[in-house]
Number of protein chains: 2
Amino acid sequence: MSKFSYSILGTGALGGFYGAKLQKAGLNVHFLLKSDYEYVAKSGLIVESKDGDFTLPQVNAYNDVKKMPQSDVVVIALKTTQNHLLPQMLPPLVKDDGVVLVLQNGLGVEEEVAKIVPNVSIISGLCFLCSNKVGAGHICHLDYGQITLGEYASDYNPTGITDNMQHIANDFANAGISIELAEDLLLGRWKKLVWNITYNGLSVILNARTDELMSYVHTRKLVEQLMYEVVAGSKSCGRIIPDSFVQTMLDYTVKMKPYRTSMKIDYDERRPLEVEAIFGNPLRKAQAAGVYLPQISCVYQQLKFLDEKIRVRTQENA
Amino acid sequence: MSKFSYSILGTGALGGFYGAKLQKAGLNVHFLLKSDYEYVAKSGLIVESKDGDFTLPQVNAYNDVKKMPQSDVVVIALKTTQNHLLPQMLPPLVKDDGVVLVLQNGLGVEEEVAKIVPNVSIISGLCFLCSNKVGAGHICHLDYGQITLGEYASDYNPTGITDNMQHIANDFANAGISIELAEDLLLGRWKKLVWNITYNGLSVILNARTDELMSYVHTRKLVEQLMYEVVAGSKSCGRIIPDSFVQTMLDYTVKMKPYRTSMKIDYDERRPLEVEAIFGNPLRKAQAAGVYLPQISCVYQQLKFLDEKIRVRTQENA
């Protein structure tokens, strides 16, 4: 089987890590950069990883999509807060029979992508990755790294396991990235939201790490209530998450090292929060099915307030 | 009509203000103090007020309830977080045909008092007061000051206007304190919670003043949703708050000067929060009537986390 070529949109903690792993495995990879462009074009990428450090002294670096060649797979590794850029980025980059691989959190991104490039295959990867960008072209991979792949079809109808999914899974597995295949992308996305909605939201609002949220009795209870609202949201889309999955997420989080969520890191760094992808879109999906999720709605409105206050302050300081 | 004598339990921003006004009007008032006892016993009280400054160079000051005489009216002007002290304080102080006047926020305090001193008349005053203690025996009255009085009967059955209510109302009115009489205490308490639950909760959790909560579209909406949950809680107790009251509270708050709520001040000063009186008891009252208030419950659990974290930190620093 011939290997795919890859373009990585967003060479940060996530896109930089997976892209570097693919290039290291011998694949043809192109990286889109913004602030780090000059440094990376000259000096390449450094990856410190719990699985072994490595450097790529030379990479294909770009600061403009118009200069990039078309690739078999265009990987969206931006934060969802940058998705207003996709209508300009995607059309020149994707091939007619190409693949867009969405490595983003939340819900509803595939529908946006399908509107922009209607005839491509859209595959999503739900990433369980703990990594940070610690300097220009310098990524520090702390833990995890596995990806669950699923293919998008209109209205999130389950696709089963497709050829493109298997092809990408092979490329990633050969690069040492652990892959699972999901037959039903929407179910996978809702399952990931069980954790993401709960801990991302409360960690920002209450200025707390996961271990604090789990060790105080009232937040421990609120965590569980929020998780069950996500389960209700999933059910409103016809996707059943068993109670045992909630229990697994609770147990897993109690056993985790004290963890600062990605949204909390964004908040502390005064970056825009992915509130719409992770909270707004799931709420609207449930609402469209006639299901109201009051506690997630409460957390959503609190986060919107905090996010908008950051943006106002950031503009004032600009 | 002979005038009542008064004992003020808690000579802070609220108890000190009203007690000083009563003494200034010629009534016999006794003040229980803690940290300010020595200063006030020697130098009295200073009240700076928008209605006119005054000093009381000599007051009846005590640091121990056992040294206080019995009074016709024992005024509870402590924070509800101190109510575990009431079983020792009240029995020696109240007369058999006496009155306990509760000047506290929230719900359910009267039931506690009735258990401790079953045969006395319990009257509650819902205070709309903006004042601070700015130094030992030194109170600064910024705005408002009116009190709504209602009498408690078993199970919060409405009492109408009672003789004791009118007697206390006369004493307060003669001291220049604006008084309204409520025939149904429980309705009055729920109405006050419409404002108190909403703004106290969100101001602490989101580190925000009232004007910020009202000017951002998402918190403006959450404010309204929380208010309607209080209305639903009130309804669960058979007390109907009209929609027009919610609208009045919203309009009133938009027009207010930017305001830091009392719970936010407590939080900023690292004092215990009145979470149980203002949130826990109303939630339990509604729950007992089979009504679940999910967004108030979310805010309650968030506040409990923040309150318990303060207490842990305060103990660590002690």
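Source: prediction; values computed, not measured.

**Side note on unusual backbone geometry**
Moving on, step 1. In this model, Asp155 of chain A sits at a positive phi of 60 degrees, which is unusual for a non-glycine residue.
Moving on, step 2. In this fold, Asp155 of chain A is placed in the loop between strand 9 (138-151) and helix 5 (163-174).

**Some words on the domain arrangement of chain A**
Residues and elements named next belong to chain A.
Moving on, step 1. Splitting chain A by domain gives domain 1 (6-183) and domain 2 (187-317).
Moving on, step 2. Summarising the inter-unit geometry, the C-alpha centres of domain 1 and domain 2 are found 24 Å apart.
Moving on, step 3. Across the contact, 13 residues belong to domain 1 and twelve residues belong to domain 2.
Moving on, step 4. Residues belonging to the side of domain 1 that touches domain 2 are distributed by class as follows: four nonpolar, eight polar and one charged.

**Quick notes on the confidence of the model for chain A**
Moving on, step 1. On average, chain A scores 96 in pLDDT, and the residues at 70 or more come to 98%.
Moving on, step 2. This prediction of the complex comes with two scores: 0.94 for pTM and 0.93 for ipTM.

**Concerning the pairing of strand 7 (residues 94-102) of chain A**
Residue and element names in this part refer to chain A.
Moving on, step 1. Note: strand 6 (residues 71-76) against strand 7, five bridges, orientation parallel. Its bridge partner being in strand 7, Val74 is matched across the sheet by Val100.
Moving on, step 2. In this fold, the crossover linking strand 6 to strand 7 by way of helix 3 (residues 86-93) has right-handed handedness.
Moving on, step 3. Bridge analysis of strand 7 against strand 8 (residues 121-135) gives four bridges, and the strand direction is parallel.

**Side note on the relation of the copies chain B and chain A**
Moving on, step 1. Superposition of chain B onto chain A requires a rotation of 180 degrees combined with a translation of 0.0 Å along the rotation axis, giving an RMSD of 0.0 Å. In symmetry terms, the pair is related by a two-fold rotation axis. Every residue of chain B has its C-alpha some distance from the rotation axis, and the shortest such distance is that of Gln295 of chain B, at 2.7 Å.
Moving on, step 2. Take the interface residues of chain B: 100% of them recur as interface residues in chain A, which is what a same-surface contact looks like.

**Comments concerning the packing of helix 8 (residues 217-236) of chain B against helix 9 (residues 243-255) of chain B**
Residue and element names in this part refer to chain B.
Moving on, step 1. Relative orientation of the contacting elements helix 8 and helix 9 amounts to 140 degrees, with a least axis distance of 10 Å. Once helix 8 is placed against helix 9, the crossing between them reads as right-handed. Between helix 8, through Glu224, Met227, Tyr228 and Val231, and helix 9, the contact on the second element is made entirely by Val246, Met249 and Leu250.
Moving on, step 2. Class assignment for the residues of the contact of helix 8 with helix 9 results in six nonpolar, no polar and one charged.

**Description of helix 1 (residues 15-24) of chain A**
Residue and element names in this part refer to chain A.
Moving on, step 1. By the criterion of burial, helix 1 is predominantly enclosed, with nine of the ten residues buried.
Moving on, step 2. If you check which residues of helix 1 are buried, you get Gly15, Gly16, Phe17, Tyr18, Gly19, Ala20, Lys21, Leu22 and Gln23.
Moving on, step 3. Positioned one or two residues after helix 1, Gly26 has a phi angle of 100 degrees, which is positive.

Scoring rules and cut-offs
- Residues numbered from 1 in each chain as written.
- Chains lettered and ligands numbered in written order.
- Predicted model: local features only at pLDDT ≥ 70, side-chain atom pairs only at ≥ 80, totals over all residues.
- Helix = DSSP H or I, 4+ residues; strand = E, 2+ residues; numbered from the N terminus.
- Domains from an automatic or database assignment.
- Contact = placed C-beta atoms within 7 Å.
- Nonpolar A, V, L, I, M, F, W, Y, C, P; charged D, E, K, R; others polar.
- pLDDT = per-residue confidence, 0-100.
- Pairing = 2+ DSSP bridges.
- Right-handed = clockwise from strand over helix to strand, strands pointing away.
- Least-squares fit on C-alpha atoms with pLDDT ≥ 70 in both.
- Axes fitted to C-alpha atoms, helices over the stretch in contact; angles between N-to-C directions.
- Left-handed = near helix turned anticlockwise from the far one by under 90°.
- Buried ≥ 20, exposed ≤ 12 C-beta atoms within 10 Å, placed from the backbone.

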